Amino acid sequence: MSTCTALGVMSGSSLDGLDLALCAFTRTDGQWAFTITDARTVPYDAAFRARLEAVMHGSALDLARLDRDLGDRIGAACREFLAGRPVDVIGSHGHTVFHLPPSGGTDEGLTLQIGHGARIAAATGITTVCDFRTTDVALGGQGAPLVPLGEKLLFPGHKAFLNIGGICNIALHHADHVLGYDVCIGNQALNFLAEEAGHAYDADGAMARAGQVNDALLQRLNALPFHRQSPPRSLGREWFDAAVKPLIADRSLPLPDRLRTVVEHIAQQVGAALREADGATLATGGGAHNSYLLERIAAQTRVEVPHKQVVDFKEALVFALLGVLRLRGEPTTLASVTGARRASVGGAVYAG
C-alpha cells in the first residue's frame, strides 16, 4: 500500500473563485481510494474577476501580469489554507484563458492555463504541478476533459458521470474504453443571465422555473454547429462569447424565459449525450446545486448526486490526483477521451 497527500486547486470557467481540496490517497493492489480531509472555495473579488474576463482581449503584457498575479494568489491561498499541514504535492489546474484545440475544422492546437506553478511553489515551498493540458494537445488531443481519468481511478462503482460547471461535460466508462467530452454550455450562460437581475447565479433555478421556453431560441441553441461534432470535442470561453452569448443576450425576450430556455437546452443536450449511460449518472459541479436544472435533466436520464463535498470539489480532487500521478511518472490523460495519439504523462513540475 502507498499513501500520499495532495492539494488540488481548480479555477473554473464560471469565474466564481478557487476551489481547494486537501486529499489523502491510498493505493492498494492497484486500486486507488481517497479522502477529502478539508476543502474550501476562495471567491474572487470583483476587480480580479473582471481581469480574468478581460484578459482574452487584452495585451500580451496584461496576460503575463495576470499569469504572475494568479500564481501569487493561488500560492497565498494554498499557504493560508494549509496552515503548516504537510502535503506531498500541489496539483493546480490554473485558469483557462484560451482553449483552441484541433476540432471543428480548425487546427490551432492551442490551450493556455495561467496561474504560474513557479509562483505557487515559491509561495508554499511545496512541489507544484500545473499546465496539465499542453502535452496532450501537442500529441493531437483536445487536452480535455482530464477528469475522466480521475473518475475511472477514484469512482469505479459508477459508469456515467456529468459535471455541470461553466461548461457541461460527461464521461461514459465502458469495459474497454472511456468516452468523455464537453456537451454544451453550463453555468457560464446561466450566471451571465442571472447577472442581468443583479445576482451571481440563479439560486435553485428559481428565475428559470418562473419562465417559459422560447421555442425559437431553443432551436437556435440546439442548432449550434458544435453540437453536431463527433467526440473528441471540447469548449473554451471563446465559444461562449462568440456563439452563445449573442443568442441569449437579446433583452427583447423576458429574462426568466431566456433562463428557462437555456435550462431546457442543457437538459436536452445532456440527456441525448447520456442516452447510453449504464446505470445512474453521478452529477457533480456547481450546477448540481441548481435543483430546477437537475429536475429537468432527471426528466431525460437517471441522475444521482453524491455527498456535497464531492459535488463541489470533484475537479479539485482529480487535479490533486493528477499531481500525484505526474510525480509517479504515470499517465495523466486518457487518449480515448482526448483523441491524442497516445496517453501521456502531462504537467510542468516546479520544485518547492
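Residues numbered from 1 in each chain as written. Predicted model: local features only at pLDDT ≥ 70, side-chain atom pairs only at ≥ 80, totals over all residues. Heavy atoms only, no water.

Q: Please give an account of the overall build of the protein that cites residues and values.
A: Each helix and strand counted, the protein has 13 helices and twelve strands in total. Here the C-alpha radius of gyration of the protein, 19 Å, is about what a compact globule of 352 residues would show, namely 20 Å. Its C-alpha atoms give the protein principal-axis dimensions of about 55 × 45 × 40 Å. When burial is assessed residue by residue, the protein has 53% of its 352 residues classed as buried. Within the protein, residue pairs in contact and separated by at least 24 positions form 68% of the contacts whose partners lie at least 6 positions apart. Here the protein has roughly 14200 Å² of accessible surface; of this, 51% comes from carbon and sulfur atoms. Across the protein, the 31 positively charged side chains and the 36 negatively charged ones have centroids separated by 2 Å. (Helix = DSSP H or I, 4+ residues; strand = E, 2+ residues; numbered from the N terminus. Rg over C-alpha atoms; globule rule 2.2 N^0.38 Å. Buried < 20%, exposed > 50% of the residue type's maximum accessible area, 1.4 Å probe, protein only. Contact = heavy atoms within 4.5 Å. Areas by Shrake-Rupley, 256 points an atom, 1.4 Å probe, with all protein chains shown as cover. Lys, Arg positive; Asp, Glu negative; His and termini not counted. Charge placed at Lys NZ, Arg CZ, Asp CG, Glu CD.)

Q: Go over the sheet that holds strand 8 (residues 167-173) with me, naming the residues and quoting the values.
A: Within a sheet, neighbouring strands are paired by backbone hydrogen bonds and run either parallel or antiparallel to one another. Judged by pairing direction, the sheet is mixed, and its five strands sit side by side in the order 9-8-7-10-11 without closing on themselves. Edge positions in the open sheet fall to strand 9 (178-185) and strand 11 (303-304), since each of these has one partner strand only. With seven bridges joining them, strand 8 and strand 9 adopt antiparallel strand pairing. What sits directly across from Ile167, in strand 9, is Ile185. Along the sheet, helix 11 (residues 291-298) contacts strand 7 (160-164), strand 10 (281-284) and strand 11; its crossing angle with strand 7, the most-contacted strand, is approximately 145 degrees. Those strands touched by helix 12 (residues 308-328) are strand 7 and strand 10, and its axis lies near 80 degrees from that of strand 10. (Pairing = 2+ DSSP bridges. Axes fitted to C-alpha atoms, helices over the stretch in contact; angles between N-to-C directions.)

Q: Please set out helix 10 (residues 255-273) residue by residue, giving values where relevant.
A: With 19 residues, helix 10 extends 27 Å between its outermost C-alpha atoms, agreeing within 8% with the 27 Å of an ideal straight helix rising 1.5 Å per residue. Burial analysis of helix 10 places 15 of its 19 residues in the buried class, the great majority of the element. (Expected span 1.5 Å × (residues − 1).)

Q: Outline the packing of aromatic side chains, supporting the account with residue identities and numerical values.
A: By convention here, two paired aromatic rings are described through the distance between centres and the angle between planes. As enumerated under the stated definition, the model contains seven aromatic pairs in all. These aromatic residues form a ring-pair network of at least three members: Phe34, Phe155 and Phe161. Here the guanidinium or amino end of Arg73 rests over the ring plane of Phe48, the centre of that ring lying 3.8 Å away. Over the ring of Phe81 we find Arg85; its NZ or CZ atom is 5.2 Å from the centre of that ring. (Phe/Tyr/Trp six-rings, centres within 6.5 Å; stacked < 30°, edge-to-face > 60°. Lys NZ or Arg CZ within 6 Å of the ring centre and 35° of its normal.)

Q: Summarise the side chain of Thr128; cite the residues concerned and give the values.
A: By the element assignment, Thr128 lies in strand 6 (residues 128-130). A distance of 3.0 Å separates a polar side-chain atom of Thr128 from the backbone oxygen of Ile126. (Polar contact = N/O pair within 3.5 Å; in protein donor to acceptor, adjacent residues only side chain to side chain.)

Q: I'd love a proper account of the pairing of strand 2 (residues 17-28), names of residues and values included.
A: Consecutive side chains of a regular strand alternate in pointing toward one face of the sheet and then the other. Pairing geometry for strand 1 (residues 2-11) and strand 2, over ten bridges, is antiparallel. Paired with Ala6 across the two strands is Cys23, which belongs to strand 2. Linking two consecutive strands that pair antiparallel, namely strand 1 and strand 2, is a turn of five residues; a positive phi of about 65 degrees is found at Leu15 within it. Here strand 2 runs beside strand 3 (residues 31-43); their pairing, made up of twelve bridges, is antiparallel. Looking across to strand 3, one finds that Ala24 is bridged to Thr35. Connecting strand 2 to the next strand, strand 3, in antiparallel fashion are two residues, including Asp29 with a positive phi near 50 degrees.

Q: Which residues make up unusual backbone geometry, and what values do they have?
A: The amide bond that connects Ala144 to the next residue, Pro145, takes the cis arrangement and shows omega of -15 degrees. Geometrically, the link from Pro231 to Pro232 is a cis peptide bond, its omega value of 5 degrees lying close to zero. With respect to the helices, strands and loops of the structure, Pro232 is situated in the loop between helix 8 (215-222) and helix 9 (237-248). Of note, the phi angle at Asp29 is positive, near 50 degrees, even though the residue is not glycine. With respect to the element layout, Asp29 can be found in the loop between strand 2 and strand 3. Phi angles above zero are rare outside glycine, and Asp131 is one such case at about 55 degrees.

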